[in-house]
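What follows is each chain in one-letter form.
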Amino acid sequence: MAGVGSVVDVQGTAADGFEPVRDAFAANFTRHGERGAAMVLYREGEKVVDLWGGTKAPDPKAPDTKAPDDDSESGPEASGGGREPWTQDTAQVVRSVTKGVAAAVPLLLHQRGQLDLDGRVSTYWPEFKAAGKERVLVRHLLAHRTGVPVLDTPLTPAEAVDGISGPRAVAAQRPVWEPGTAHGYHAQTYSWLLSELVRRVTGRTIGRWIAEEIARPLGLDLWLGLPEEQRGRVGRIAAVEALAAPAAHGPRIRPKRSVAEAYRDPESLTRRAFAAITPVPDENDPAYLAAELPASGGVATAEALARFYAALIGPLPSARTARSGGRLFAPATLTMARTEESAGPDRVLVVGTRYGLGYMLHGPACPLLGPGSFGHPGRGGSLAFADPEARIGFAYVTNGMRRGVTADPRAQALVRAVRTSLAAREA
C-alpha cells in the first residue's frame, strides 16, 4: 500500500535514455507524497515511456471498488478503493486537462470549414448576444477573453450537468470586462460556452463528437461523459497535503500573497470563477462522471492523453483512421493552436498567463517543455501537452489533488526529467 512519502514499486517501461523520467516518477512518491499516478510519453509517434504506480484512491481508508463477494459496480464508492493498486488501464478524472482535449473540437471544425474562428458566437448561438456580448468572437471564447468567467447566480451541481441550465446562464450573463480587451481563466464557464457552441454548429454534444471523431478513431481510453460500463476503471480523486520539502530539494513553494488573497476573498473574480458551481460537486459521483463538462469533467488514462497530443502534431502509425494517417491538426491549425492570443495579467488566476486558441502556452506560470509547447494543466496536478519541435506528446495524471492550478511540483519534476533525457540524446 502506498502511503504518504512511501517507496512505491513503479510499474511499466522507459526506453533507453529515458531512465531519468522513471527515476523522477518514482521520486514523486517519496519527495512529494504521490499516492497514485501514471505518466506516458510519446516521441515521433511511438511510446517511449509508460509508467504507473500507487493505489487507485489517495486515501488508504477509502472503500475498495468491490467487496470480495460483491459484483456490483454502482454508487460513488465504485470509483476505486484505497487498497486497490493503480494498473496500466486505470483512468482518472483529469479536471482542466479536459480543456485541451475539448479545444481540439472547434479547431477541427474550423479545419473542416464548419466554424469561423473570427465569426461572432451569436451567429451560431443567437441567444448569446444578450447583455453586451454581441461582438464576442469564437476566438475570444477559446482564448479566455469572453468576459464571463463568473456567474452572478452560481449553478448547483445538478444544474451544472443538466445540459440546459449552464448554456442558459452564460448566455444571460453580463461580462465583467469588455469582451476581447482582457483575459481571465474561465475555469468553469468554459464548459457551457464551448459545449453549447459545438452543439449549435454540429447538432451533436461535445462528448459524442469527441467519442466519434477523436477517441474512437485513435483508440483512446478517453471520455467526456463516462459510460457506466467503464466506471470500475476510474480511480477516486481527493485532496492531499504536500509533504514538507527536504532542504536538499529546495524550499516548499507557496503561492504569492496576492494569489492567496484572491482565493480567500469571496468577492474576487478568482473565487467566483471557481465557485460557478456551488456547492463544490463530488467529482467521484457517477452522475458527475457521466456528465459532459469540457472545462473539468474529462476521464482519461495517461496513455490516451499522451497519444491524443502526439496525434495533434504528427501521424500515429497504429491509428485506426484514414484522416492524415492519424494526424489531427493540419499544419495551419497547429500554428493557430499555439499562436499567442492572450498574455499578461490573468484577471482570474492573478498571475501572468499565456493562451493560444484553447491551449495554455509555455511560460513562468505554466512551464512546459519549451517555447513551442502547448497543452493544459488540471487544477490539483495533472498535465498534458505537446511539443512539435521535440516531437513529443506528454501526459501525467494523478489522484492526489494538491493546491495550485498551473505548475504542480510533481508534474514539473517529470517535465524536467523529459528535458534532461532529450538533451542527453541530442548530445
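Since the model is a prediction, treat every value here as computed from it, not as a measurement.

## Some thoughts on the overall build of the chain
Moving on, step 1. Looking only at helices and strands, the chain has 14 helices and 14 strands in total.
Moving on, step 2. Put simply, the chain has 427 residues, and 57% of those count as buried.
Moving on, step 3. Across the chain, contacts joining residues at least 24 apart in sequence account for 68% of those joining residues at least 6 apart.
Moving on, step 4. When the accessible surface of the chain is totalled, it reaches about 17,100 Å², and 51% of it is carbon and sulfur.

## Regarding helix H12 (residues 302–313)
Moving on, step 1. Taking 1.5 Å per residue as the helical rise, H12 with its 12 residues ought to reach 16 Å, and the 17 Å between its terminal C-alpha atoms agrees with that figure.
Moving on, step 2. Burial runs high along H12: 11 of the 12 residues are buried.
Moving on, step 3. Looking only at H12, the buried set comprises Ala302, Ala304, Leu305, Ala306, Arg307, Phe308, Tyr309, Ala310, Ala311, Leu312 and Ile313.

## Here we look at the packing of aromatic side chains
Moving on, step 1. Applying the stated rule across the entire model yields 9 aromatic pairs.
Moving on, step 2. Between the aromatic rings of tyrosine 359 and phenylalanine 374, the centroid separation amounts to 5.1 Å while the plane-to-plane angle is 90 degrees, which identifies the pairing as edge-to-face. In this pair, tyrosine 359 sits in the loop between strand S9 (352–355) and strand S10 (360–361) while phenylalanine 374 sits in strand S11 (residues 374–377), placing the two residues 15 residues apart along the sequence.
Moving on, step 3. In this structure phenylalanine 374 comes out as buried when scored by relative accessible area, which is 0%.
Moving on, step 4. Ring pairing ties together the aromatic residues Phe308, Tyr309, Tyr359 and Phe374, which thus form one cluster.
Moving on, step 5. One Lys or Arg, lysine 133, reaches over the ring of phenylalanine 128 and ends 5.0 Å from the middle of that ring.
Moving on, step 6. Looking at arginine 379, its charged tip hangs above the ring of phenylalanine 274, at a distance of 4.2 Å from the centre.

## Some details on the confidence of the model for the chain
Moving on, step 1. Of all residues in the chain, 87% have pLDDT values of 70 or greater, and the mean over the chain is 89.
Moving on, step 2. In this model, residues 65–81 is a region of pLDDT below 50 whose contacts with residues beyond four sequence positions or in other chains number 43 contacts.
Moving on, step 3. A low-confidence stretch, residues 246–253 (pLDDT under 50), is modelled with 7 contacts involving residues beyond four sequence positions or located in other chains.

## A few points about the nonpolar core
A general tendency of soluble globular proteins is for nonpolar side chains to be buried together.
Moving on, step 1. Ile214, Leu305, Phe308, Leu312, Phe329, Tyr359 and Phe374 are the most contacted members of the largest nonpolar core, which totals 77 residues.
Moving on, step 2. By size, the runner-up hydrophobic cluster in this structure holds 38 residues, among which are Met360, Ala411, Leu414 and Val418.

## Regarding the sheet that holds strand S4 (residues 92–93)
Moving on, step 1. The 3 strands lie next to each other as S4-S7-S5, forming an open sheet whose pairing is antiparallel. Sheet topology places S4 and strand S5 (222–223) at the edges, where each strand pairs with a single neighbour.
Moving on, step 2. Of the strand pairs in this sheet, S4 and strand S7 (residues 299–300) are connected by 2 bridges, and their pairing is antiparallel. Looking at the pairing, valine 93 lines up with valine 299 of S7.

## Overview of the packing of helix H2 (residues 97–111) against helix H7 (residues 190–202)
Axis angle and axis distance: for two packed helices, these are the angle between their axes and the distance between the axes, and together they describe the pair.
Moving on, step 1. Two elements in contact, H2 and H7, have axes separated by 11 Å at closest approach and are oriented at 30 degrees. When the axes of H2 and H7 are compared, the pair comes out roughly parallel. For the crossing formed where H2 meets H7, the hand is left-handed. Contact residues: Lys99, Ala102, Ala103, Val105, Pro106 and Leu109 in H2; Tyr190, Leu194, Val198, Val201 and Thr202 in H7.
Moving on, step 2. Class assignment of the residues belonging to the contact of H2 with H7 gives a composition of 9 nonpolar, 1 polar and 1 charged.

## Some words on the side chain of asparagine 28
Moving on, step 1. Here asparagine 28 lies in helix H1 (residues 19–31).
Moving on, step 2. You can call asparagine 28 buried: its relative accessible area is 1%.
Moving on, step 3. When near neighbours in sequence (up to four residues on either side) are disregarded, asparagine 28 contacts Gly33, Glu34, Arg410, Ala413 and Leu414.

Cut-off values and rules
Residues numbered from 1 in each chain as written. Predicted model: local features only at pLDDT ≥ 70, side-chain atom pairs only at ≥ 80, totals over all residues. Heavy atoms only, no water. Helix = DSSP H or I, 4+ residues; strand = E, 2+ residues; numbered from the N terminus. Buried < 20%, exposed > 50% of the residue type's maximum accessible area, 1.4 Å probe, protein only. Contact = heavy atoms within 4.5 Å. Areas by Shrake-Rupley, 256 points an atom, 1.4 Å probe, with all protein chains shown as cover. Expected span 1.5 Å × (residues − 1). Phe/Tyr/Trp six-rings, centres within 6.5 Å; stacked < 30°, edge-to-face > 60°. Lys NZ or Arg CZ within 6 Å of the ring centre and 35° of its normal. pLDDT = per-residue confidence, 0-100. Core = buried A, V, L, I, M, F, W, Y, C linked by side-chain atoms within 4.5 Å. Pairing = 2+ DSSP bridges. Axes fitted to C-alpha atoms, helices over the stretch in contact; angles between N-to-C directions. Parallel < 35°, antiparallel > 145°, perpendicular 65-115°, else oblique. Left-handed = near helix turned anticlockwise from the far one by under 90°. Nonpolar A, V, L, I, M, F, W, Y, C, P; charged D, E, K, R; others polar.

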